[in-house]
Amino acid sequence: MNAVTSETLSPEAIETTRAEVRRIIAEEGIAQTEIARQADIAYGTFTPWMTNKYAGDSAKIAVKVTRWLETRRERARTLAVLPAAPGFVMTSTAASFMETLAFSQATPDFGVIVGGAGVGKTTTIEEYQRRASNVTIVTGEPCHSSPNNMLTAIATEMGIAERRSNMISGAIVARLRGASALLVIDEAQHLDSKALDQLRTIHDKAKCGVVVAGNESVFARLQGDARTAQFAQLYSRVGARTVQSQSRPKDICALILAWGIDGESDEGKLLKVIARKPGALRGMTKAIRYASMIANGAGEPLACRHIKQAWAQLSSLPLDDAA
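Keep in mind it's a predicted model, so treat the numbers as computed, not measured.

Cut-offs applied
- Residues numbered from 1 in each chain as written.
- Predicted model: local features only at pLDDT ≥ 70, side-chain atom pairs only at ≥ 80, totals over all residues.
- Heavy atoms only, no water.
- Axes fitted to C-alpha atoms, helices over the stretch in contact; angles between N-to-C directions.
- Helix = DSSP H or I, 4+ residues; strand = E, 2+ residues; numbered from the N terminus.
- Parallel < 35°, antiparallel > 145°, perpendicular 65-115°, else oblique.
- Left-handed = near helix turned anticlockwise from the far one by under 90°.
- Contact = heavy atoms within 4.5 Å.
- Nonpolar A, V, L, I, M, F, W, Y, C, P; charged D, E, K, R; others polar.
- Salt bridge = Lys/Arg side-chain N within 4 Å of Asp/Glu carboxyl O.
- Core = buried A, V, L, I, M, F, W, Y, C linked by side-chain atoms within 4.5 Å.
- Buried < 20%, exposed > 50% of the residue type's maximum accessible area, 1.4 Å probe, protein only.

Quick look at the packing of helix H13 (residues 266–275) against helix H15 (residues 304–314)
Then step 1. Packing of H13 against H15 leaves a shortest axis separation of 9 Å and a crossing angle of 20°. Relative to H15, the element H13 lies roughly parallel. Seen from above, H13 lies across H15 with right-handed handedness. Residues Asp266, Glu267, Leu270, Leu271 and Ile274 of H13 form the contact with H15, whose own contacting residues are Cys304, Ile307, Lys308 and Trp311.
Then step 2. Of the residues in the contact of H13 with H15, the class split is six nonpolar, no polar and three charged.

Dropping the structure here:
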């Protein structure tokens, strides 16, 4: 990108910038509020600037808008050489996750999904939400470890305004009760035992499906805490569980094929090696996208050298292969 400063922008250039923004608004329907947000300009400043009525340093605002336009162009150039990603692929692991989600919502029951990084937990959960009705997904974070913080995150996702700690659980239960709902906590390894027990309370009172999904430590903690009397109530409520620590070989093959790559080609075999590294299918997908961008930018078909170059940029792990 060329460096742009207020000193290098003439009044004519500033007006040309405004005209370009007007064209984008007309063609794409993007709101001025969104443009201002993306360009890091106060909306109250951006609107008078667009009509040439801004009383401040117009060139200074024009610099920010110019940089926003150039960022859009750069993003468009990058996306132009990226391959179209396949839609959701129903791998055998995804089907197992789907069954746990569907069973937990229908019965309703308490479900657990455990999987290693990159096996497709989050992708499947999001796809289930697109297909089913009344599904709420909350992604756990370290700051959600306590019951109160977790409840606040759930309430925010559900659009519940209640924030009093002694009332928020009841508001969530009232929203879920009798609605054939499913509450999913992804990345549940961030929740402590009390927060998990709070989910049991929501499940019991609302009579709704609840699923916790996360890495191997989630189930390990459930099993370990189940030895204590106060936590046995939660462990005994787990009615459906799916544990998949690594991507299955047929999952890897299905995803490679969905990208239009022959799994038995040299490129396909190399991608299978990557899929067995930490990051699994997610890492392989990133490598395909990056390698395809490199290949398309060079006007060449995807080859092993592009995949190796992409992997070198994405990971410090060695890529031991025979391709």
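Picking up where we left off.
Some words on the pattern of salt bridges
Then step 1. Enumeration over the complete set of coordinates arrives at 16 salt bridges.
Then step 2. Residue Glu27 pairs with Arg23 through a salt bridge whose shortest N-O separation is 2.6 Å. With Glu27 and Arg23 both in helix H1 (residues 11–28) and four residues apart, the pair spans about one turn of that helix.
Then step 3. For Arg200, the salt bridge identified is with Asp204, shortest N-O distance 3.1 Å. Here Arg200 pairs with Asp204, and both are found in helix H9 (residues 193–206), just four residues apart, close to one helical turn.
Then step 4. Several salt bridges share partner residues, and in doing so they unite Glu70, Arg73, Glu74 and Arg77 into one network.

Regarding the environment of Thr93
Then step 1. Mapped onto the fold, Thr93 is located in helix H5 (residues 92–106).
Then step 2. Remark: the alpha-carbon pair of Thr93 and Thr242, spanning 149 residues in sequence, is separated by 8.9 Å.
Then step 3. Sequence-distant contacts of Thr93, defined by excluding residues within four places in its chain, comprise Val119, Gln244, Arg248 and Asp251.

Here's the deal with the side chain of Thr242
Then step 1. As for its placement among the helices and strands, Thr242 is situated in strand E5 (residues 238–244).
Then step 2. Here Thr242 is in contact with Ser96, Phe97, Thr100, Val112, Ile113 and Val114, once residues within four sequence places are set aside.

Here we look at the nonpolar core
Then step 1. Within the largest apolar cluster, 30 residues are counted, with the highest numbers of intra-cluster contacts made by Ile154, Ile172, Leu176, Ile185, Leu199, Ile202 and Val212.
Then step 2. Of all elements in the fold, only strand E1 (110–115), helix H7 (147–158), helix H8 (168–176), strand E3 (182–186), H9 and strand E4 (209–214) reach the threshold of two or more residues within this core.
Then step 3. Looking at which element gives the most residues to this core, the answer is H7, with six residues.
Then step 4. Judged by nonpolar contacts, the second largest core, of 21 residues, contains Leu255, Ile261, Ile288 and Ala310.

Treat this as a map of the structure, not an account of what it does.
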